[in-house]
Amino acid sequence: MDLLQESATFPSITMDIEVVADMLLLKLYSVVDIARALNMHSHLRKLELFVRYSEGNCCFGKQAAEMLKFAFYQAENVIEEYEFFTPRNQLLFPNSKSLKVCGFSSCRLNPFAYRIRMFLKIRKLVKELDNIGKYRKFAMKVIGYGGFASPHRARGLTHTRASLRYAGVVGRDIDRDIVVEMLLKSGNEATLFVFPIVGVGGIGKTTLAKLVYNDPRIVSHFQLCLWVHVSRAFKIKNLLEQIVNSVREDLCDNLDVNELQNLVREALYEKKYLIVLDDVWNEDPVKWDELKKLLMVSDCGSKIVVTTQNEAVALVMGSVPAYCLKSLSSEDCLSLFLIKAFELGQEVLYPNLVGIASDIVQKCEGNPLLSMIVGSSLHMETEEWEWNGVKNHVMWNSNQNDKILPALRVSYGRLPSNLKVCLAYCSIFPKGCFIEIDKLIQLWVAEGLVSKSNESEDLEHIGIQYFQELLSRSFFQDVEEYRSVSTSICKLHDLVHDLALSAAGVEFCTVNSHMQNISDEVRHVAFSDYDLSGKELPASLVNNQGLRTISFSVNGVRPMSMMFVEKCIARFMQLRVLDISYSCFTELPSSVGELKYLRYLDVSANGSIKELPDSINKLLSLQTLRVSHCPQFEGLPKDIGNLIILRHLHITTKQACFPDKAIGCLSSLRSLYIHSCNNLVSLSEGLQHLTSLRTLAIIGCPRLTFFPSAMKHLTSLENLLIVDCEELTLLEWQDIEGLRMLRSLVIGGLPELESKDVQCLENLHMLVLAGIPQLVTLPRWLEGASATLQYLRVERCPNFAALPKWLENLTALEKLEISKCRKSFPLPEGMSCLTNLKVLRID
């Protein structure tokens, strides 16, 4: 009964005993390995006993919550101390095979002192575990109320879920026809026609707007259709950039407002257009009037659709009464639920489960997003007690006064602990923003949220599995693969962001100018609109010795001086993540080298910084270094090769070539992004040593003319991006054996795509071709991927005029998109052979 009562609350991950216990066990597996490596047998036995008795059916009482959390940080500290020592040992003794071989010989690291320090740390941890053991209970947990059954699940996902069926759009045909009819009517020529769509979160406003936007009647009626994502910040410059980049074949960066205004007027002048402004929150009529004036340069008959949750926004912006989007019918919600819960056609095998689903859907109150999320949580579950556990969950009747809907609480509760923590971490991003997927996974790894059960596993691959699992459960949405051909992005729905914020608890904090008191328990800080002009840290944050993360989550809010960064480094020596991108100071303080636990450092998009201090080479725990989009950056420090566990490097440099030793020593690299290097003539032959490299991106390097022969050694390469390298041709690329493992290939802005016959693309899953004026049809070498290619996109290729007849051979193709290609053309007759094709989009 106690457990039932406890599940009626919604504790944050930091106070959820089950989650903290799982995460502690996950860390203890590594501590056990460390104790064994250091021959600390007395501690090893006690650690193993605690782990053994805590797995399985063990749970902990409420009194243990804080103790578990404290022990978790102690265990993490042991692991990080060990991990910091290991690369230093390898640098001093490069021929040694392990820490046990040479780690305790006489050297300037004073290994004896290190061993004593580790002994004391592990002994302190063992004493804490002894105390925690008194609060351990051995009883079966209540099935259906607390997620998965075994704490051992913390070591990773128990299985890889199958891809969920594409839900499509259900039950919005009448709504679509009403809105289309309104937009096709002639309006008052003297005013701009603005049609608001209003509804609660998750009800389907954006989905309806997309239906209307892609409707053939709309496409044929308007000369120009544009989609603009607005979200929380109604910034005119950002909106103008989206409009301009939607129209132009070449992307515009770093233009001022006046230049953008002129380009918008040029793009819209005397055209009948439709613009969708999606997810608007701005209630300020002055800001709206400023944008409206810029848009009133078109032919009469232009229309604007606005989606918003806020009726006040509709009153400010609308020229006609808002269309209030209602809930879906129970039948339609059930249909969405079953699509997510079952594989195609399998629901007929389980009529009892369909009956239970019907009852669950009633609790979702006609909200399609909630129906899909709860349905996703039961995917691949066929036991009736599992479904009844969801149907009868106490959260449905919870009277907690907050914004988290019961359906989200129930679905969140069914996540394994590792995914709960990863989802909660997403609260560090601003609501409504696009999230770079690679960056998110790198942050998860840097924060120690991703773990592997054996040495052969790759942390980033596991992180991708975590992301895919959360995506399959509908917690992420709006995934755009290689948006602007350089990175893939996603979003959290506002309702899910509220859930993540609630789950994150007191250890996560967004600091703004109105905040007076910041808890001592805060570990992750994102500065929002905090005033940094005074270069001072918030007084209540200054003495926080345990801070792990500092990031600046909102564009335009960044440290403007090195002094602020110096103070952060001096105060917060435990930092794992320091994201100071988009700043404008000229140098990074040399004291940054003292952050020995730092794993993630981002100083990208700094227009002033010229170099990194030599002390950067002391950051032996660093996994990710981002110094891209820094036009004044001269180059990496000469001893950058000391960062032997660096996994991700993003760089912009003035160098004509990379020193072989600088790149070649970074043998742990998983991704290398070379961005906007205007002087780069050749890549380093040191690439041959990057045998673990999974992603290579070369973007905006106009003087680069050829690939080095070392490319043939990149046998692990899975993702290759070559964009805006005007002098680079691919005539000899079939000789690069590294391409044989390629799963995704992005090519943009190259002068030539033709090559000799290519037979090494048999693993290719995705191809994006963008901004290639010479491209008339698909390159013949693509046939080499006929059995594997699933996604094909062609965009901004003005002379693209035909899909080849052999397209029918791409039998695995699931998604085909052709965008911003001026010429129209018929589809080949063999399209019917593409039986796996789910999405065909041509605009």
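The sections below set out a description of the structure shown in this document. In this text, all values refer to a predicted model and were calculated from it rather than measured experimentally. (Residues numbered from 1 in each chain as written. Predicted model: local features only at pLDDT ≥ 70, side-chain atom pairs only at ≥ 80, totals over all residues. Heavy atoms only, no water.)

Another point: the overall build of the protein chain. Per the secondary structure count, the protein chain includes 24 helices and 25 strands. Out of the 843 residues belonging to the protein chain, those deemed buried represent 56%. A fraction of 66% describes how many contacts in the protein chain between residues 6 or more apart in sequence connect residues 24 or more apart. Total accessible area on the protein chain is roughly 35500 Å²; 50% of this is exposed by carbon and sulfur atoms. (Helix = DSSP H or I, 4+ residues; strand = E, 2+ residues; numbered from the N terminus. Buried < 20%, exposed > 50% of the residue type's maximum accessible area, 1.4 Å probe, protein only. Contact = heavy atoms within 4.5 Å. Areas by Shrake-Rupley, 256 points an atom, 1.4 Å probe, with all protein chains shown as cover.)

Here we take up the pattern of salt bridges. On inspection of all chains with the given rule, the structure shows 42 salt bridges. One salt bridge connects Arg-626 with Glu-436, and the closest N-O pair in it is separated by 3.2 Å. Placement of Arg-626 in strand β16 (residues 624-627) and of Glu-436 in strand β8 (residues 435-436) is noted, with a sequence separation of 190 residues between them. Judged by relative accessible area, which is 6%, Arg-626 ranks as buried. A relative accessible area of 22% places Glu-436 in the partly exposed class. The salt bridge involving Arg-670 is made with Asp-458; its shortest N-O contact spans 2.9 Å. One end of the pair, Arg-670, is in the loop between α24 (660-664) and β18 (671-675); the other, Asp-458, is in the loop between α20 (437-446) and α21 (459-472), and 212 residues separate them in sequence. (Salt bridge = Lys/Arg side-chain N within 4 Å of Asp/Glu carboxyl O.)

This brings us to a nonpolar patch on the surface. A contiguous nonpolar patch, built from Phe-112, Ile-116, Phe-119 and Leu-120 and spanning about 380 Å² of accessible area, is present on the exposed surface. Note that Leu-120 resides in helix α6 (residues 111-133). According to the relative accessible area criterion, Leu-120 is partly exposed, its value standing at 42%. (Patch = residues over 30% accessible without salt bridge, like charges linked within 9 Å, V, L, I, M, F, W, Y side chains within 5 Å.)

Moving on, we come to unusual backbone geometry. Although it is not a glycine, Asp-478 sits at a positive phi angle of roughly 50°. Its location among the elements puts Asp-478 in strand β9 (residues 476-483).

Spanning 14 residues, α21 covers 20 Å between terminal C-alpha atoms, matching the ideal 20 Å at 1.5 Å per step. The secondary structure elements touched by the buried residues of α21 are α16 (368-377), α19 (417-425), α20, β9, β10 (487-492) and β17 (648-651). Capping of α21 at its N-terminal end is provided by Asp-458; its side-chain oxygen lies 3.1 Å from the backbone amide nitrogen of Glu-460. Ser-474, located one to two residues past α21, shows a positive phi value of around 70°. (Expected span 1.5 Å × (residues − 1). Polar contact = N/O pair within 3.5 Å; in protein donor to acceptor, adjacent residues only side chain to side chain.)

Looking now at the environment of Ile-550. Note that Ile-550 resides in strand β13 (residues 549-552). Relative accessible area serves as the criterion here: at 1%, Ile-550 is assigned to the buried category. When the C-alpha atoms of Ile-550 and Val-577 are compared, they prove to be 6.2 Å apart, with 27 residues separating the residues in sequence. Those residues in contact with Ile-550, other than ones at most four positions away along the chain, are Val-525, Phe-527, Cys-568, Phe-572, Leu-575, Val-577, Leu-578 and Asp-579.

Two quantities define a packed helix pair, namely the angle between the helix axes and the distance between the axes. In the contact formed by helix α15 (residues 351-363) and helix α17 (residues 384-391), the axes pass within 9 Å of each other and the chain directions differ by 15°. Here α15 lies roughly parallel to α17, going by the angle between them. The two elements α15 and α17 meet at a crossing, and its hand is left-handed. Each of Asn-352, Leu-353, Ile-356, Ala-357, Asp-359, Ile-360 and Lys-363 in α15 lies in contact with α17, whose residues at this interface are Glu-384, Trp-387, Asn-388, Val-390 and Lys-391. (Axes fitted to C-alpha atoms, helices over the stretch in contact; angles between N-to-C directions. Parallel < 35°, antiparallel > 145°, perpendicular 65-115°, else oblique. Left-handed = near helix turned anticlockwise from the far one by under 90°.)

Our next topic: the environment of Gly-432. Relative to the assigned elements, Gly-432 resides in the loop between α19 and β8. The spatial distance from the C-alpha of Gly-432 to the C-alpha of Arg-232 is 6.5 Å, given a sequence separation of 200 residues. In contact with Gly-432, not counting residues within four places along its chain, are His-229, Ser-231, Lys-491 and Asp-494.

Okay, the pairing of β18 next. The buried fraction of β18 is high, at five of five residues. The alternating pattern of β18 places Ser-671, Tyr-673 and His-675 on one face and Leu-672 and Ile-674 on the opposite face, and all of these are buried. Sheet topology places β17 next to β18; four bridges connect them, and they run parallel. Within β18, the position partnered with His-650 by the bridge is Tyr-673. Relative to strand β19 (residues 695-699), β18 runs parallel, the two being bridged by five bridges. (Pairing = 2+ DSSP bridges.)

Pairing is parallel in the open sheet, where five strands are placed in the order β4-β5-β6-β3-β7. Each edge of the open sheet carries a strand with a single partner, namely β4 (224-231) and β7 (323-324). The strands touched by helix α7 (residues 173-184) are β3 (193-198), β5 (273-280), β6 (303-308) and β7; relative to β3, the strand with the most contacts, the crossing angle is about 165°.

The next point concerns the packing of aromatic side chains. Using the criterion set out here, one finds 12 aromatic pairs in the structure. Ring geometry for Phe-527 against Phe-564: centres 5.8 Å apart, planes inclined by 75°, an arrangement best described as edge-to-face. One end of the pair, Phe-527, is in strand β12 (residues 524-527); the other, Phe-564, is in helix α23 (residues 562-571), with 37 residues separating them in the sequence. Take Phe-527: its relative accessible area is 0%, and that puts it in the buried class. With a centroid separation of 5.7 Å and an interplanar angle of 75°, the aromatic rings of Phe-800 and Phe-825 are classed as edge-to-face. (Phe/Tyr/Trp six-rings, centres within 6.5 Å; stacked < 30°, edge-to-face > 60°.)

A separate point is the sheet that holds β9. With antiparallel pairing, the three strands of this open sheet are ordered in space as β8-β10-β9. Sheet topology places β8 and β9 at the edges, where each strand pairs with a single neighbour.

Turning our eyes to something else, we now look at α7. Taking 1.5 Å per residue as the helical rise, α7 with its 12 residues ought to reach 16 Å, and the 16 Å between its terminal C-alpha atoms agrees with that figure. When we look at burial in α7, the residues that qualify are Asp-175, Arg-176, Val-179, Val-180 and Leu-183. Down the axis, α7 shows its buried residues gathered within 125° of arc, on one side only. Opposite its buried face, α7 presents the exposed residues Ile-174 and Glu-181, each directed more than 90 degrees away. Summarising the contacts, the buried residues of α7 are in contact with β3, α8 (205-213), α9 (216-221), β5, β6 and β7. (Arc of directions from axis to C-beta.)

A word on the pairing of β16. In β16, alternate side chains face the same way, and those of Thr-624 and Arg-626 on one face and Leu-625 and Val-627 on the other are all buried. Two strands pair when backbone bridges link them, and strand β15 (residues 600-602) and β16 are joined in this way by three bridges, in the parallel orientation. In the sheet register, Leu-601 faces β16, and the bridge partner there is Leu-625. In this structure, β16 lies alongside β17, joined through four bridges in parallel fashion. Counted as the bridge partner of Arg-626 is His-650 from β17.

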